[in-house]
Structures are given as C-alpha cells and as structure tokens.
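# Architecture at a glance
Residue-level listing of the chains:
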Amino acid sequence: MRVTVQDMSERVERGGEYEKHGGFPVYRAVEDNGGPDFGRFVEGMRTVQDLAVSTAPPPEVLAQAAEQAEALAALLAPYQVPEGEQTGGRSIGLPGRGSLLMLPWTVEKFDATGVRSTGVFRRFHMGGNGAAHGGTLPLLFDDMFGMITHAYGRPISRTAYLHVNYRKITPIDTPLVIEGQVDRVDGRKTFITAKLMDSEGTVLADGEALMLVLLAGQP
Ligand SMILES: CC(C)(COP(=O)(O)OP(=O)(O)OC[C@H]1O[C@@H](n2cnc3c(N)ncnc32)[C@H](O)[C@@H]1OP(=O)(O)O)[C@@H](O)C(=O)NCCC(=O)NCCS
Ligand SMILES: CCCCCCCCCCCC(=O)O
C-alpha cells in the first residue's frame, strides 16, 4: 500500500489548529494527483533535467533542444497560477508530491511515530565523483522534517535550524531510505532526528532539526 503525505487541509476541516497558527497558507491536495498525465509530465521533466546535466549534444541538436524548451515554456506560460493553486507540490500521491524541486522519493510510512521515504538521488542531483551534491541532502532532510512535524500532529512550523552530518559518500542512482521521528517537544519547539541509509542499513548521513510552531501572523 502506498502511503501519502496527509492533506494539510484535513486538520482545518476537522476544526484543528491549522487555521489558528501562523500566517502560513493552508495548501489543499490536488485531486487525483493532477490527472492521468501529470505524473508522466513530471517524470518526463525529471528525465530532461537528468539529460540536461549529463549530455554534450552537437550544436544542431542543441538548437533543436533550445527550440523545444522554448516551445514548452510558451505552451505552459498562459496557465501560471498563484502559490497554492499549482498542480506540482500538491499531488501528494506522486514522488516528491509532483514538485520538481523536491527529491522524487516515495513516502512508505507516515504517522505520529515517524516517517520513512525511499528513493534515489538522480544524475541531476550529482555533485562530483558519483556522489550526490552536498546541498541536495539538506533539501531531502528538510522536507522530511516538515513531514515528520505534520505527521506528528504539530501545528504549522518552520525550520529554525537544520544540521546534517555527512558520514559517507551518498551515491547517485542507488536505492536509499530516510527515516526519522520527533524526539522531543517543548512548547513551540519540536526536536527531530533522521537518518539516511543504504539498502544494508549503513548510515550515509544523519540530521537533526528544530522546528518552531509559528505564532499568529508569522509568515
Ligand atoms: C523560526 C522563526 C519563526 C522563529 O522566530 P520567533 O517566533 O521570533 O522565535 P524566537 O526567536 O522567539 O525563538 C523561539 C524559541 O526558539 C529558540 N530558537 C529560535 N531559533 C533557534 C535556533 N536557530 N537555534 C536554537 N534555538 C532557536 C529561541 O531561543 C526561543 O527559545 P526560548 O523560548 O527557550 O527562549 C523565525 O526565526 C523565522 O521565520 N525564521 C525563518 C524560518 C525559515 O525560513 N525556515 C526555512 C523554511 S521552513
Ligand atoms: C497538501 C499539500 C502539502 C504541501 C505542503 C507543502 C509545504 C511547504 C512548506 C515549505 C517549507 C519550507 O520552505 O522549507
């Protein structure tokens, strides 16, 4: 069974605390993960991103690629919408919620005891010598910390600090798992830890964060 991130709006509809805390907007999940072609579109875009950073095409191919990229941008431009209305990032059943920014990982566990997600760092995420770029790990950890906070039932919070220990090289194109949980709650503060591991359980990186519940009006 595929587990998905919970829709933030659920707690609002149930009369929970989401509307009372912070000046953060409530995002509602998009229906049906954006429809039959949205996941396909996002995966196609990810493949293009991988190829954009891993190819050396001849000039005539580059000219065609540039024209096609410009044509695609022109096709989509009339459909730009304000934050919270776009399909990407709100398709909670898709890897990375259908956001091109997020790592395209799949949530396998999402409850108050913690969150686990699996996936690979792709060629697009490479730093050097076959390893994921160091900056892509905090992105993965930060998104996990947000999900862990939400799954635990805490009101809308922001990352106050995020610390990552890089224990071993994180390889690209290799199935990995990240899991973490709330360790401690103290008023507005939620302390969380998580570990990124390979398929043998070797820890590649571990991280900890302080998430702070937003006060009324805080963006
Ligand atoms: C997180 C944020 C809302 C906190 O601001 P604030 O509400 O004014 O919080 P305060 O400074 O009063 O801090 C609240 C508590 O958290 C602690 N705290 C805040 N930042 C901290 C940090 N980086 N490290 C350790 N403790 C921290 C404070 O010491 C204070 O503790 P206390 O209550 O025991 O005295 C604000 O700093 C902010 O918006 N930062 C940007 C967040 C962000 O953009 N994150 C990334 C995207 S989610
Ligand atoms: C129902 C869709 C859920 C989408 C949640 C997106 C939350 C975005 C939070 C951004 C936090 C950050 O800036 O680090």
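Attention here is on the structure that accompanies the text. (Residues numbered from 1 in each chain as written. Chains lettered and ligands numbered in written order. Predicted model: local features only at pLDDT ≥ 70, side-chain atom pairs only at ≥ 80, totals over all residues. Heavy atoms only, no water.)

### Section: the site of ligand 2
How we decide: Throughout, near means a residue has at least one heavy atom within 4 Å of the molecule or strand. Distance and chemistry together define a polar contact, namely a pair of N or O atoms within 3.5 Å, with one atom able to donate a hydrogen and the other to accept it when in protein, and with adjacent residues in sequence counting only for side-chain atoms on both sides. Calculation of accessible area relied on Shrake-Rupley with a 1.4 Å probe; when residues are assessed, cover is drawn exclusively from the protein chains displayed.
In the neighbourhood of ligand 2, 11 residues make up the surrounding shell, with Tyr27, Ala29, Gly89, Asp142 and Arg158 lying closest. Note that an oxygen atom of ligand 2 is positioned 3.2 Å from one of the side-chain N or O atoms of aspartate 142. Starting from 440 Å² of accessible surface for ligand 2 in isolation, the protein chains cover 63%.

### Quick notes on the packing of aromatic side chains
Two aromatic rings are characterised by how far apart their centres lie and by the angle between their planes. Our working definition: The rule is short: rings of Phe, Tyr and Trp, with Trp giving its six-membered ring, pair when the centres are within 6.5 Å, and they are stacked under 30 degrees, edge-to-face over 60, tilted in between. By the criteria applied, helices consist of DSSP H or I runs no shorter than four residues and strands consist of E runs no shorter than two, each listed in order from the N terminus. Lysine and arginine charges are scored as sitting over a ring when NZ or CZ, respectively, is within 6 Å of the ring centre and within 35 degrees of the ring normal.
In the structure shown here, the tally under the stated rule is four aromatic pairs. Judged by centre distance (5.9 Å) and plane angle (80 degrees), the ring pair of phenylalanine 24 and tyrosine 27 falls under edge-to-face. Between phenylalanine 38 and phenylalanine 41 the ring centres are 6.2 Å apart and the planes differ by 45 degrees, which places this aromatic pair in the tilted class. Residue phenylalanine 38 and its partner phenylalanine 41 are both found in helix 2 (residues 38-52); the two are separated by three residues, about one turn of the helix. Over the ring of phenylalanine 191 we find arginine 184; its NZ or CZ atom is 4.1 Å from the centre of that ring.

### Things to note about helix 4 (residues 136-152)
Stated precisely, the cut-off is as follows: Expected span of a helix, by definition, is 1.5 Å for each gap between consecutive residues, and there is one gap fewer than residues. A 1.4 Å probe rolled over the protein chains alone gives each residue an accessible area, and that area as a share of the maximum for its type sets the label: buried under 20%, exposed over 50%, partly exposed in between.
For helix 4, built from 17 residues, the straight-helix expectation of 24 Å at 1.5 Å per residue is met to within 8% by its first-to-last C-alpha distance of 25 Å. Most of helix 4 sits out of view: 12 of its 17 residues are buried. Count one or two residues on from helix 4 and you reach glycine 153, which has phi positive near 95 degrees.

### So, the site of ligand 1
Within the structure, ligand 1 sits among Arg158, Thr159, Ala160, Tyr161, Arg188, Lys189, Leu210, Leu212, Leu214 and Gln218. Between ligand 1 and threonine 159, the relevant distance is 3.0 Å, taken from a nitrogen atom to a main-chain nitrogen or oxygen of the residue. Contacts to ligand 1 include alanine 160, whose backbone N or O atom sits 3.3 Å from a nitrogen atom. Taking 960 Å² as the accessible area of ligand 1 by itself, protein coverage stands at 43%. Secondary-structure elements contributing two or more residues to the shell around ligand 1 are strand 3 (157-166) and strand 6 (203-213). Tallying contributions element by element places strand 3 first for the shell around ligand 1, with four residues.

### Quick notes on the sheet that holds strand 4 (residues 176-186)
We apply this condition: We treat two strands as partners when DSSP finds at least two bridges between them. To define axes, lines are fitted to C-alpha atoms, for helices over the stretch in contact only, and angles between the resulting N-to-C directions are given on a 0 to 180 degree scale.
Pairing is antiparallel across the open sheet formed by six strands, whose spatial order is 1-2-4-5-6-3. Looking at the sheet topology across the chains shown, the edges are occupied by strand 1 (106-111) and strand 3. In this sheet, adjacent strand axes meet at a mean angle of 15 degrees when their direction is disregarded. Taken together, the nine bridges between strand 3 and strand 6 define a ladder with antiparallel strand orientation. Each residue of the ladder has a partner; that of asparagine 165, found in strand 6, is aspartate 206.

### Overview of the environment of proline 138
Put simply, the rule reads: We call two residues in contact whenever any of their non-hydrogen atoms come within 4.5 Å of each other.
Within the secondary structure, proline 138 sits in helix 4. For proline 138 and leucine 101, which are 37 residues apart along the polypeptide, the C-alpha to C-alpha distance reads 13 Å. Proline 138 has contacts with Leu162, Val164 and Tyr166, leaving out every residue within four places of it along the chain.

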